[in-house]
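# Structural overview
Listed below are the residues making up each chain.
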Amino acid sequence: MLLPVSAALGNEFALLEIGAIFLLLGVIAFGAARLQISAVPFFLLIGLFFGTGGIVEINISGEYLDTTAAIGALLLLLLLGLEYSARELATSIKTHYRAGALDFVFNALPGAVLGFILGWGLLGAVGLAGITYVSSSGIASQLIRDAGAQRSEVAKRTVSILVVEDLALAPYLPVVTAIASGISVFQG
């Protein structure tokens with residue numbers, strides 16, 4: 001089946017956008033490596049600079065965002081899988097499950113309590129609990145790698161907590177969706 005010319009050009013433009021952004025990020029990463037500092041803060045600043053409401057607003061297509069978000073999620077999982085074996089992760093989680101529980105208590109519960117205090121109801125409280133609980137695995141993994149600390153005990157503990165958080169998202173997201181949709185948690 002042939003696509004209309006506008007659809008075909010849209011796909012090419014999405015690839016051009018991806019290439020341009022990757023080129024910019026590559027140049028920034030190269031510069032940060034030369035300065036022997038992490039590129040993560042620079043990536044965040046570039047996103048703020050060019051993002052919606054930033055100093056220079058660029059129109060990035062929805063197709064671009066969908067494509068790169070999927071690629072980013074897959075690369076993050078690949079990165080964690082390449083750096084740590086399944087046995088290392090399982091052992092680390094078993095060893096540090098208390099730290100994961102404390103992470104939940106000290107991060108999710110205050111968010112939920114604040115949501116109720118602000119009068120946001122159950123959905124707002126559960127949503128804010130998720131926001132305050134989950135860390136960015138990608139940013140933390142990149143910072144650990146930039147510091148050259150992949151094999152340190154602190155890095156192993158951190159990654160085990162991040163994996164617990166990521167695993168907690170599996171039941172959390174359907175629960176939030178169920179609450180937002182007004183259906184029972186079991187239906188969700």
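For the structure itself, look to the data block above.
Now for a quick tour of the structure. Bear in mind that the values here come from a model prediction, so they are computed numbers and not experimental data.

Nonpolar side chains collect at one region of the surface, where Leu35, Ile37, Phe42, Phe43, Leu45 and Leu48 lie side by side and expose about 590 Å² of accessible area between them. Counting residues per element, the nonpolar patch draws most heavily on helix α2 (residues 40-50), at 4 residues. Residue placement: Leu48 occurs in helix α2.

With that settled, consider the packing of helix α5 (residues 97-117) against helix α6 (residues 121-133). Close contact between α5 and α6 brings their axes to 7 Å; oriented N to C, the two are set at 145 degrees. In this structure, the crossing between α5 and α6 has a hand that is right-handed. Judged by residue contacts, Asp103, Phe104, Asn107, Ala108, Gly111, Ala112, Leu114, Gly115 and Phe116 of α5 engage Gly121, Leu122, Ala125, Leu128, Ala129, Thr132 and Tyr133 from α6. The class makeup of the residues in the contact of α5 with α6 is 10 nonpolar, 5 polar and 1 charged.

The terminal C-alpha atoms of α5 lie 29 Å apart, and with 21 residues this matches the ideal 30 Å at 1.5 Å per residue to within 8%. Helix geometry: α5 is bent most strongly at Ala108, by close to 25 degrees, with proline Pro110 lying one to four residues after it. When we look at burial in α5, the residues that qualify are Gly100, Asp103, Ala108, Gly111, Ala112 and Gly115. Those residues of α5 that are buried lie in contact with α6 and α8 (153-181).

The tally for this structure, following the rule as stated, stands at 1 aromatic pair. Seen from their ring centres, Phe104 and Tyr133 are 5.4 Å apart, and the 75 degrees between their planes marks the pair as edge-to-face. Taken together, the positions of Phe104 in helix α5 and Tyr133 in helix α6 put the pair 29 residues apart, joining distant regions of the chain.

The rules behind each value
Residues numbered from 1 in each chain as written. Predicted model: local features only at pLDDT ≥ 70, side-chain atom pairs only at ≥ 80, totals over all residues. Heavy atoms only, no water. Patch = residues over 30% accessible without salt bridge, like charges linked within 9 Å, V, L, I, M, F, W, Y side chains within 5 Å. Areas by Shrake-Rupley, 256 points an atom, 1.4 Å probe, with all protein chains shown as cover. Salt bridge = Lys/Arg side-chain N within 4 Å of Asp/Glu carboxyl O. Helix = DSSP H or I, 4+ residues; strand = E, 2+ residues; numbered from the N terminus. Axes fitted to C-alpha atoms, helices over the stretch in contact; angles between N-to-C directions. Left-handed = near helix turned anticlockwise from the far one by under 90°. Contact = heavy atoms within 4.5 Å. Nonpolar A, V, L, I, M, F, W, Y, C, P; charged D, E, K, R; others polar. Expected span 1.5 Å × (residues − 1). Bend = angle between axes of the 7 residues up to and from the residue. Buried < 20%, exposed > 50% of the residue type's maximum accessible area, 1.4 Å probe, protein only. Phe/Tyr/Trp six-rings, centres within 6.5 Å; stacked < 30°, edge-to-face > 60°.

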